[in-house]
Amino acid sequence: MKKVLSFSIRIVFALVFLFFLAPGEYGCREACAWEEIRNGRGKVVALTFDDGPSPGFTDRILDVLKRYNVRSSFFVVGSNAASAPDLIRRTVAEGHLVANHSQYHTNLTKLPPENTHIEWDMCQETIHTITGEYPAYCRPPGGQYNEHVLELAAKRNLVPVFWTVNPGDYGAKDSAAELARKVVRQIHPGAIVLLHIGVEPTVEALPAIIEGIRNRGYSFVTVDQLPRRETARLHH
């Protein structure tokens, strides 16, 4: 019985994984874009910021992004968004993408299966109330997921976005200069950079991160501008 159950779980997980990595509705255009990135010709990078909004941090990050004319993606916590709706409105107004990072930043794999959907749904509704739009992308808190978490996201037409570059800024152990070097050193075509709201060195490092990435010949995109195979890449 255990072997059958284990095999079934692996099959379900594989199907969900393949669903997210399969070419999307744009067909050849998306597949070709992915090939460009894979072959090193699509020199684009997506900066992503988790856990906001947070007054005193999100606004300063937006200031830097505006100064450098960079569009980024913000994975917001619904309860934080409800407390700072003006920051969400500003984020959208300045051309950034707002995505679902759950309502209360709970480890979704630890919730009872029947309650997991509440975290996705409440955040969706919170963002819709503020912006008039439902997010199309999500990221489970801490990148913690299982087949149930991904299945519930798929049922809500949410595309999960993980990352390929994680400098560990949330530990706040690095100086701004060290953090910037760590990010720039790991950049590659189609990179998705994980950064966090509420970390002082991240705010201070952002100008150097942007300049360093641009000096390497890259441009910046939001995650919806990456092929779906890139945005749905499961992190290691």
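Residues numbered from 1 in each chain as written. Predicted model: local features only at pLDDT ≥ 70, side-chain atom pairs only at ≥ 80, totals over all residues. Heavy atoms only, no water.

Some thoughts on the confidence of the model for the protein chain
Thinking step 1. When pLDDT is averaged across the protein chain, the result is 85; 78% of the residues are at 70 or more.
Thinking step 2. Confidence over residues 1-34 falls short of pLDDT 50; this stretch has 34 contacts with residues more than four positions distant or in other chains. (pLDDT = per-residue confidence, 0-100. Contact = heavy atoms within 4.5 Å.)

Focus: the side chain of Gln124
Thinking step 1. Looking at where Gln124 falls in the secondary structure, it is placed in helix α6 (residues 113-131).
Thinking step 2. By relative accessible area, Gln124 is classed as buried at 8%.
Thinking step 3. In terms of polar contacts, Gln124 uses its side chain to reach the backbone carbonyl oxygen of Pro135, at 3.3 Å.
Thinking step 4. Contact partners of Gln124, with chain neighbours within four places excluded, come to Asn100, Tyr134, Pro135 and Leu158. (Helix = DSSP H or I, 4+ residues; strand = E, 2+ residues; numbered from the N terminus. Buried < 20%, exposed > 50% of the residue type's maximum accessible area, 1.4 Å probe, protein only. Polar contact = N/O pair within 3.5 Å; in protein donor to acceptor, adjacent residues only side chain to side chain.)

A look at the packing of helix α8 (residues 176-186) against helix α9 (residues 200-215)
Any two packed helices are characterised by how steeply their axes cross, that is the angle between the axes, and by the distance between the axes.
Thinking step 1. Where α8 meets α9, the closest approach of the two axes is 8 Å, and the angle between their N-to-C directions is 40 degrees. Classified by the angle their axes make, α8 and α9 are oblique. Here the hand of the crossing between α8 and α9 comes out right-handed. Along its contact with α8, which presents Ala176, Leu179, Ala180, Val183 and Val184, the element α9 presents Pro201, Thr202, Glu204, Ala205, Ala208, Ile209, Gly212 and Ile213.
Thinking step 2. A class-by-class count of the residues in the contact of α8 with α9 yields ten nonpolar, two polar and one charged. (Axes fitted to C-alpha atoms, helices over the stretch in contact; angles between N-to-C directions. Parallel < 35°, antiparallel > 145°, perpendicular 65-115°, else oblique. Left-handed = near helix turned anticlockwise from the far one by under 90°. Nonpolar A, V, L, I, M, F, W, Y, C, P; charged D, E, K, R; others polar.)

Quick notes on the side chain of His96
Thinking step 1. Take His96: it is sitting in the loop between α5 (85-93) and β3 (97-100).
Thinking step 2. In this structure His96 comes out as buried when scored by relative accessible area, which is 7%.
Thinking step 3. Polar side-chain contacts of His96 include one of 3.0 Å to the backbone nitrogen of Ser72.
Thinking step 4. Among residues more than four places away in sequence, those in contact with His96 are Leu62, Leu65, Val70, Arg71, Ser72, Phe74 and Thr91.

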